[in-house]
Every structure is written in structure tokens, then in C-alpha cells.
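Breakdown of the fold
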Amino acid sequence: YYVWNAAAQSILGNYYYAAVFCNVALTFVVGALMFRILRLLEFSERFAQLALVFHMLHWDYLSWTSMINVKETLVETLIVVSLFGILRFARRGSWPSLLLVAGSFLLLFSLRLYIPFLIMAATGVWVLSQWKDPRKYLLIPAIIGGLVFLYAMIGSYDHLVYPHLI
């Protein structure tokens, strides 16, 4: 998150509003991806538009994305990017979408360590319970491997999880 703030200030100047402005820009990215997610899930275009308006104009969302400099906007963006990548892979078989997931997971590790685990677990449950394709069982090793990889990544963050080990 410090890199995000530093990049914002190097682009827009050494002001508080620089990071806030970049957070506002991220809300548009989230909105566009949410619309595409709803369309991937085969909701009607009208429903997707109304859901987008409801989300973007909610008073809570407007206040914490446009007035204060918190990392929640960046976390939300990375979650939505990873969900978009997962759904795009599931619906269209787009392998480059998994790069979106991997990239967002790596960044989420520095912001909210537990979120990639939750997304992986939810994806595993969804795949095993909802997919009708018998090849879904081939993904079990991939899901387990992904969880093992994520667990191994935490090993490099021991000082954050267990500060008494320092």
C-alpha cells in the first residue's frame, strides 16, 4: 500500500488528495469489472446496470472511497479482479485470466493476508458443487496445489503473522 501511495504522489504531486484521487479512479475499475462479472453470470444488462448504480452511489461506498485515504479500495479492487479472472476462466476457459488471479493474490498478500485463502476455498467449494463437467475433479490437485503455494507464501510473512519470532 505504501507503493500505491508513493506512486500516486509521484504522479499527482506530494499531496494527500493524490492517493484519494487514485482510490476514486479504482472505484471506476471496480464498477466496470462488476458489470462484466454480472454479465458473465448471465444477468440481464438492465439488472447489471441497476446493480452498478446501486453499488457506486451507496453512501458508505462514496464516503470511504472519495474522502479518506484507506487501503480498502485497493483491497476491493484486487478481490473483484481475482473474482473476474476466476469467472472468466470458468466461463470461457481463458487461461490468461488466471494471471489476473495470481497477480491479485500476490498483491493481496501484502494487504490482507487471509483473503486469497478465502477466495481459493470458496472457488473450490463452488467448482466441486456447481460444475457439471466431470473434468472438474482434475482441478482438485490444482486447488490443493494452490493452497499449498499460498501456505508457502505465508512462510515469508512469518514476521507479520508471528511478530514475537523476530
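Report on the accompanying structure. (Residues numbered from 1 in each chain as written. Predicted model: local features only at pLDDT ≥ 70, side-chain atom pairs only at ≥ 80, totals over all residues. Heavy atoms only, no water.)

Relative to the helices and strands, Ala 121 is located in helix H7 (residues 115–130). Each C-alpha atom of the pair Ala 121 and Ile 143 lies 8.3 Å from the other, and the pair is 22 residues apart in sequence. (Helix = DSSP H or I, 4+ residues; strand = E, 2+ residues; numbered from the N terminus.)

Right, let's get into the pattern of salt bridges. Under the counting rule described, the total for this entry stands at 2 salt bridges. The partner of Glu 42 in a salt bridge is Arg 91, with the nearest N and O atoms 3.8 Å apart. Placement of Glu 42 in the loop between helix H2 (16–40) and helix H3 (45–56) and of Arg 91 in helix H5 (residues 72–92) is noted, with a sequence separation of 49 residues between them. Given the relative accessible area of 67%, Glu 42 is considered exposed. On the basis of relative accessible area, Arg 91 is assigned to the partly exposed category, the value being 41%. (Salt bridge = Lys/Arg side-chain N within 4 Å of Asp/Glu carboxyl O. Buried < 20%, exposed > 50% of the residue type's maximum accessible area, 1.4 Å probe, protein only.)

With 21 residues, H5 ought to run about 30 Å at 1.5 Å a step, and its terminal C-alpha atoms sit 29 Å apart, in line with that. In the stretch just after H5, Gly 93 is the one whose phi turns positive, near 70°. (Expected span 1.5 Å × (residues − 1).)

Here the largest pocket is characterised by a volume of approximately 540 Å³. The wall of the largest pocket is formed by 21 residues, among which Leu 98, Val 101, Met 120, Ala 142 and Gly 146 lie closest to the centre. Its residues assigned to classes, the lining of the largest pocket shows 19 nonpolar, 2 polar and no charged. Around the second largest pocket, the lining residues are Phe 89, Ala 90, Gly 93, Trp 95, Trp 131, Asp 133, Arg 135, Lys 136, Leu 138 and Leu 139. In the lining of the second largest pocket, the residues fall into 6 nonpolar, 1 polar and 3 charged. (1 Å grid on protein atoms, 1.4 Å probe; cavity = no way out; pocket = protein on both sides within 12 Å on 5 of 7 lines; lining within 4 Å. Points joined across faces, edges and corners; volume = space filled by probe spheres on them. Nonpolar A, V, L, I, M, F, W, Y, C, P; charged D, E, K, R; others polar.)

Another aspect to go through is the packing of aromatic side chains. If you walk through the whole model with that rule in mind, you get 2 aromatic pairs. On the numbers, 4.8 Å between centres and 20° between planes, the contact of Phe 43 with Phe 47 is stacked. (Phe/Tyr/Trp six-rings, centres within 6.5 Å; stacked < 30°, edge-to-face > 60°.)

Core analysis: the largest hydrophobic core is formed by 15 residues, its most contacted members being Leu 74, Phe 105, Leu 108, Leu 111 and Ile 119. For this core, the elements supplying multiple residues, two or more each, are H5, helix H6 (97–111) and H7. Setting aside residues no more than four positions away along its own chain, Leu 111 makes contact with Tyr 1, Lys 71, Leu 74, Val 75 and Leu 78. Of all hydrophobic cores here, the second largest spans 10 residues; its members include Ile 37, Tyr 61, Val 81 and Leu 87. (Core = buried A, V, L, I, M, F, W, Y, C linked by side-chain atoms within 4.5 Å. Contact = heavy atoms within 4.5 Å.)

Residues separated by three or four positions in an α-helix point in the same direction, a consequence of the helix having 3.6 residues per turn. Look at H6: 21 Å from first C-alpha to last across 15 residues, which is about the 21 Å you get at 1.5 Å a residue. Of the residues making up H6, those classed as buried are Ser 97, Val 101, Ser 104, Phe 105, Leu 108, Phe 109 and Leu 111. Along the long axis of H6, the arc covered by the buried residues comes to 155°, so they all point the same way. (Arc of directions from axis to C-beta.)

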